[in-house]
Structure formats: C-alpha cells, structure tokens
Amino acid sequence: MPIPELEKSIIKGVIQKDKVVIDGIELDGTWNSFMIERTQTGYDPSVWDEIANTLEGVTISACWQCGTCTSGCTMREYDPKYGPRRFIDLARKGDKQGLIELQNSIWRCVSCQKCTHRCPKGVLVEEVVHAIHNYLLRHGLVSKDPGTVFDELFFETVMNNGGRISELMLGAASVKKGMAKMGLKDLITMTGPLLRSGLFKELMKPSKVKNWEKIREVIEEAMKEEVRPE
Amino acid sequence: MSVEVPYGKVALYPGCALDGMAKPYEVSLALVAKDLGLTYERLDDYNCCGALEVKNVNTMAGLLLPARNLALARKIGADAIMSACPGCHYSLSRAQYYLSKYPKLREKVNAYLEKMGEIKYDLQLMTIHVNEFLYNSVGIEVIKSKVKRPLTGLKVAPYYGCLYNRPKPYTLTGYLRLKDDPERPVFMDKLLEALGAEVVPFEAKTMCCGGPHVYSDPDVSINLEARILKEARRNGAEILVVDCPLGGVAIESNMNKIAERYGEDLRMPVVYFTQLMAFAFGHSPEEAMLTANLTNPMSVLKRYL
C-alpha cells in the first residue's frame with residue numbers, strides 16, 4: 001500500500017539520494033528500489049479533481065470517512081472487499097493501483113441507495129461510487145464488467161425501440177448476450193399467465209413514443225456534451 | 001364525484017413497467033382510484049425514465065429521459081407527477097434534484113427539451129408515489145368504508161423496495177409530512193390494515209432485491225430475493241404484497257430458482273397492493289387481473305370469494 005500523502009515529501013527527499021548514512025552506517029545497493037515505485041507512482045492527485053468535476057462525483061469532497069455508507073451496504077455482505085468508504089478514500093488519495101485491484105468489486109453496486117440516504121454529510125455515495133467506477137472505465141484502467149455491459153444493453157434497447165422497454169425484450173436481449181439463462185421450466189411459468197391474460201403480445205411489441213426519431217437525435221447530440229456540476 | 005387531494009392536479013407517469021408485466025398494477029390502480037373518487041391524468045406519450053442504468057452510461061442521457069417526462073406533466077398543467085414504480089419515482093426525483101440544484105445544467109437540459117419540441121421544465125412538480133397518493137388523499141376511514149370483501153385473517157408482508165423512500169435527498173422522505181418514514185415506511189401497512197388484512201412484522205420491507213443486477217450478478221440477486229421471502233415466511237406471511245414492479249417481477253420470475261436453491265417453503269404468491277385493494281373493494285379477480293401474476297395469488301385469496 002502506498003504511503004500517506006503527508007509523508008511523501010519527506011521520503012522523496014531521502015530516496016533521491018544515492019547514498020544514505022544512518023547512525024554512521026552507510027546504506028547502499030538497492031535499498032530504495034522498493035520505495036521509489038510506491039512513492040513516485042502510487043498517487044495521482046488529479047483523480048480527486050477529475051471526479052469532483054463530474055456531476056455525479058461532486059460530493060466526494062464532503063466525505064468524512066465515517067463509514068456509515070459501508071456499514072449498511074447491501075453489497076458488502078456478499079463481497080467483503082466492497083466498501084464505498086474505501087473507494088472514496090482511495091480515489092481522494094489518487095491511489096489508482098488500489099482501485100484497480102478492487103475492479104472485480106467496485107462495479108457490483110446494486111443501487112439500493114442506503115448509503116446516499118444515510119450519509120450524514122450529504123455525500124451522494126451511490127453516485128460517487130459510480131463516478132469513481134466511470135473514471136476507471138474512461139481511462140481504460142479496468143476492463144468492462146457485466147454491470148456496465150447490462151447498462152449499455154438497457155440503454156441501447158430503449159434507444160432502438162421507440163424510447164421504451166419491456167421486460168421480455170430486455171430478458172431476450174440479455175439471453176442473447178449470454179448474461180441470463182432461461183430453462184424450459186422458467187419459460188412455462190413465465191408465459192402461461194402472460195398468454196392467458198393477453199399480456200404476452202403487448203410485451204413483445206411495446207408501444208412507442210410518437211416523435212421518437214427526432215427525440216433520439218437530440219439525445220444523441222446531447223450525449224456529446226460535457227456536463228459539469230454548475 | 002371528485003375528491004380534493006393535497007397534491008393539486010396529478011399526472012400519472014406509467015413508465016414501461018405499467019405497460020409491461022405490471023399492467024395489473026395500473027388496471028387495479030384505476031379501479032381503486034375510481035372507487036375512491038380520485039382522479040389523475042395519464043401521460044400517454046411518456047418515454048423510459050432511464051431507471052438505474054442509463055445514468056451510468058451517459059450523464060446527459062440519464063437526465064434528459066426523465067426531464068422530458070417532467071416537461072410532459074407540466075404541459076398538461078400538473079402539480080405533481082405520480083409513479084407506480086419506485087424505480088421511475090427515483091429517476092424522476094433524481095432529475096428534479098439535479099435540475100433544481102444546478103442552474104447552468106437546467107438551461108442546457110431545457111434547450112435540448114425545446115429542440116425535441118417539448119416545453120421547458122420549470123421545476124414546479126412534486127414527485128410522488130402511488131402509495132403516498134392513496135394514503136394521503138382520502139384517509140383511512142374512507143378506505144375502510146369502501147371494503148366489501150374484508151380480507152380478515154389474511155397474513156400479508158408489505159414489500160416497499162429500496163427506492164420508494166430512498167434516498168432522501170431525492171425523494172424528500174423525512175422532510176415532508178406527506179412523505180413516509182425514511183427508514184421504516186408504514187403507508188402501505190395502513191392501507192392493507194384498512195382492508196382487514198393482518199400485516200405481519202416484516203423487517204425486509206425496504207431490503208434490496210438486487211434489481212439492477214438481476215442479469216449481471218444473478219446469484220446475489222437470487223440470494224437477496226430469497227432473504228426477503230424467508231423474512232416474510234418466518235413471520236407467518238401467506239402472501240408478499242409489493243408496490244414495486246422491479247422487485248415484484250424479479251421475485252416472481254426467479255421464484256423457481258429461489259425454491260430450488262433455498263427450499264420449496266419459500267414459494268409464495270406475489271401481488272400488487274392495488275390489486276388487493278381492488279379485490280377487497282369487491283372487484284372480481286379477473287377485473288383486478290389477479291390471474292395475470294406469474295405466481296398464483298388466487299391460491300390464497302380464493303377463500304374470500
């Protein structure tokens with residue numbers, strides 16, 4: 001783990017020397033090699049700034065590190081590495097490596113909103129966690145996770161089907177992508193009542209927004225815009 | 001007959017859910033509202049609210065989708081926009097929060113809304129959920145007086161889901177008297193008690209069902225859903241009553257897998273609270289679409305016929 005920010009300058013001053021004498025004993029060889037890497041590449045203060053400049057991430061600066069978010073987190077019960085407080089801590093320190101090591105955890109937020117709801121400092125924790133995750137994705141530091149694949153699939157389905165979505169369409173798209181498995185038994189349980197009530201037909205062909213093509217164009221144009229919290 | 005409601009004119013935002021598998025929710029809501037003399041106007045040309053997914057793909061798209069719906073509601077002169085799906089309620093409230101807080105962002109969003117041919121959004125809406133609407137509008141005594149088929153002895157577990165009252169910066173729970181308790185909601189409990197049902201102690205009321213990751217992290221979702229059902233079963237509930245189509249559909253469609261992994265005794269019918277209200281108000285199971293649910297609620301309700 002990288003060393004705290006405050007100690008960085010002290011240690012930097014020491015490790016830049018080729019030769020160090022401590023208590024009359026000269027240290028030589030590769031004494032500083034393990035420290036150089038950690039002190040010089042471990043932190044990137046621009047991470048905090050960049051996240052605080054996004055709409056979702058702006059409240060990161062208000063965090064007190066009290067841990068209220070993590071103590072009530074739904075996901076933490078399944079994944080002990082999952083901790084919103086820690087993600088925020090690492091992002092503010094600029095410890096990219098630490099965040100990358102948690103890449104199999106950080107995407108797993110189920111958006112239950114308990115953290116944002118309970119934060120005593122008004123940090124929108126769920127949004128900040130997504131902002132941190134988006135930072136990692138945007139800079140290509142982590143590979144695309146199943147949650148992001150599904151988010152994109154959802155959005156694509158909305159855009160391509162007249163601005164609306166149906167559970168069956170989304171289910172079918174997910175099965176196609178290999179995300180969900182549907183057995184015969186599930187199929188029978190699902191379709192039986194739907195066929196009986198006539199809902200099935202509507203689900204396979206959801207109604208569309210009247211002027212969707214034009215609206216879609218505007219949304220696609222708007223997506224290119226950079227949004228800042230102002 | 002029309003009843004004065006504390007919200008002014010109410011627009012119903014159906015969301016994709018009510019036009020999809022949660023159609024019984026809307027059909028039964030219409031029956032209940034008519035019986036109680038409550039009116040609302042349906043936004044027919046709505047678009048998807050973006051749910052919990054679009055905001056993660058693109059910030060602007062995640063705001064424009066709900067913002068267009070808010071503008072549609074203002075176009076018909078509504079004072080409040082009502083969602084039946086807590087996911088939609090969350091998403092519309094989230095857009096309201098961001099647009100109120102950041103003026104430059106609001107200008108940009110409004111410019112795009114005008115490009116779409118919609119009106120600018122003036123922030124004058126209150127975002128509400130069906131649960132709050134039914135509870136606050138007429139009072140429990142009126143609801144009791146409409147019951148023709150008392151559900152005496154029916155043991156129910158009311159499941160509210162995550163987003164009905166969370167997070168408070170968006171939904172304003174705990175800040176307004178018209179809103180439910182932020183941690184332990186009771187509005188649906190009171191409505192169900194008015195029908196004569198017995199609400200069992202249920203600590204999983206606002207527990208997460210794993211909704212957004214039902215496909216991408218299925219084992220976690222199934223385990224979370226099983227926990228909700230276990231909690232209901234342990235407290236003696238016969239039926240899970242939901243106000244959330246996300247949770248309702250997720251639990252219903254995963255029921256086979258839950259039963260396989262965590263025990264057959266967890267199998268339990270799932271029903272929308274408005275369906276139970278319509279049924280108690282004397283409507284037939286077909287009218288309340290109680291036969292369209294994937295799990296069979298009539299298996300426990302037939303004794304009241």
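Not measured: the values here are computed from a predicted model.

Chemist: Explain the overall build of chain A to me, please; I cannot follow it from the model alone.
Modeler: Helix and strand counts for chain A stand at 14 helices and two strands. Burial status across chain A gives 37% buried among its 230 residues.

Chemist: For this particular structure, what's the right way to read the packing of helix 10 (residues 146-160) of chain A against helix 11 (residues 167-176) of chain A?
Modeler: In a packed pair of helices, the relevant descriptors are the angle between the two axes and the axis-to-axis distance. Residues and elements named next belong to chain A. Interaxial distance between helix 10 and helix 11 falls to 10 Å at its minimum, and their mutual angle equals 130°. When the axes of helix 10 and helix 11 are compared, the pair comes out oblique. By crossing handedness, the relation of helix 10 to helix 11 is classed as right-handed. Residues Phe150, Leu153, Phe154 and Thr157 of helix 10 lie in contact with helix 11, whose contacting residues are Met169, Leu170, Ala173 and Ser174.

Chemist: Sorry, what's going on with helix 9 (residues 125-138) of chain A here?
Modeler: Given 3.6 residues per helical turn, the α-helix brings residues three or four places apart onto the same face. Residue and element names in this part refer to chain A. With 14 residues, helix 9 ought to run about 20 Å at 1.5 Å a step, and its terminal C-alpha atoms sit 19 Å apart, in line with that. The buried fraction of helix 9 is high, at 10 of 14 residues. In the segment just after helix 9, Gly140 is the residue with positive phi, at about 65°.

Chemist: Could you clarify how one ought to interpret the nonpolar core in this entry?
Modeler: Note on soluble globular proteins: their nonpolar side chains tend to be buried together. One finds B:Met82, B:Leu240 and B:Val241 to be the most contacted residues of the largest nonpolar core, which totals 172 residues. In terms of residue count, the dominant contributor to this core is helix 4 (residues 59-75) of chain B (nine residues).

Chemist: Teacher, can you tell me more about the sheet that holds strand 2 (residues 41-42) of chain B here?
Modeler: What links the strands of a sheet is backbone hydrogen bonding, and the strands pair in either a parallel or an antiparallel sense. Residues and elements named next belong to chain B. One open sheet accounts for four strands, arranged 2-1-3-4; its pairing is parallel. In this open sheet, the two strands that pair with only one neighbour each are strand 2 and strand 4 (126-129). Taken strand by strand, helix 5 (residues 86-101) contacts strand 1 (10-13), strand 3 (80-83) and strand 4, and its axis lies near 165° from that of strand 4. Relative to strand 4, helix 7 (residues 130-138) is tilted by about 90°, and along the sheet it contacts strand 1, strand 3 and strand 4.

Chemist: Would you mind showing me how to read the pairing of strand 7 (residues 239-242) of chain B here?
Modeler: Each regular strand carries side chains that alternate between the two faces of the sheet. Residue and element names in this part refer to chain B. Here strand 7 shows no split at all, with Ile239 and Val241 on one side and Leu240 and Val242 on the other all buried. As judged from the three bridges shared by strand 7 and strand 8 (residues 270-272), these two strands associate in the parallel manner. What sits directly across from Val242, in strand 8, is Tyr272.

Chemist: What am I meant to see in helix 5 (residues 84-93) of chain A here?
Modeler: Residues and elements named next belong to chain A. Within helix 5, seven of the 10 residues are buried, which leaves it mostly tucked inside the rest of the structure. Taken together, the buried positions of helix 5 are Pro84, Arg85, Phe87, Ile88, Leu90, Ala91 and Lys93. Following helix 5 by one or two positions, Gly94 has its phi on the positive side, about 85°.

Chemist: I keep staring at unusual backbone geometry and nothing clicks. Help me out?
Modeler: It is generally the case that most residues other than glycine have a negative phi and that most peptide bonds are trans. With an omega of -15°, the peptide bond running from B:Arg166 to B:Pro167 counts as cis. Locating B:Pro167 in the fold gives a position in the loop between strand 5 (155-159) and helix 9 (168-171). The backbone phi angle of A:Ser111 is positive, close to 55°, even though this residue is not glycine. Residue placement: A:Ser111 occurs in the loop between helix 7 (103-106) and helix 8 (114-118). In this structure, B:Ala51 is a non-glycine residue whose phi angle is positive, near 45°. Note on placement: B:Ala51 falls in the loop between strand 2 and helix 3 (54-57).

Chemist: Looking at this model, I keep getting lost on the interface of chain B and chain A. Mind explaining?
Modeler: Interfaces are often described in size by the accessible area the parts lose on coming together. Counting residues at the interface gives 52 residues for chain B and 57 residues for chain A. If one sorts the elements of the side of chain B that touches chain A by residue count, helix 6 (residues 103-116) of chain B sits on top with six residues. Here the residues of the side of chain B that touches chain A sort into 28 nonpolar, 14 polar and 10 charged.

Chemist: So what exactly am I meant to see when it comes to the domain arrangement of chain B here?
Modeler: Residues and elements named next belong to chain B. Domain parsing of chain B yields domain 1 (10-129) and domain 2 (140-304). A C-alpha centroid distance of 23 Å is found between domain 1 and domain 2. With 24 residues of domain 1 at the interface, the matching set in domain 2 holds 27 residues. Elements supplying a minimum of two residues to the side of domain 1 that touches domain 2: helix 2 (23-36) and helix 5. With 10 residues, the single largest contributor to the side of domain 1 that touches domain 2 is helix 2. Residue composition of the side of domain 1 that touches domain 2, by class: 15 nonpolar, five polar and four charged.

So, how was this worked out
- Residues numbered from 1 in each chain as written.
- Chains lettered and ligands numbered in written order.
- Predicted model: local features only at pLDDT ≥ 70, side-chain atom pairs only at ≥ 80, totals over all residues.
- Helix = DSSP H or I, 4+ residues; strand = E, 2+ residues; numbered from the N terminus.
- Buried ≥ 20, exposed ≤ 12 C-beta atoms within 10 Å, placed from the backbone.
- Axes fitted to C-alpha atoms, helices over the stretch in contact; angles between N-to-C directions.
- Parallel < 35°, antiparallel > 145°, perpendicular 65-115°, else oblique.
- Left-handed = near helix turned anticlockwise from the far one by under 90°.
- Contact = placed C-beta atoms within 7 Å.
- Expected span 1.5 Å × (residues − 1).
- Core = buried A, V, L, I, M, F, W, Y, C linked by C-beta atoms within 7 Å.
- Pairing = 2+ DSSP bridges.
- Nonpolar A, V, L, I, M, F, W, Y, C, P; charged D, E, K, R; others polar.
- Domains from an automatic or database assignment.

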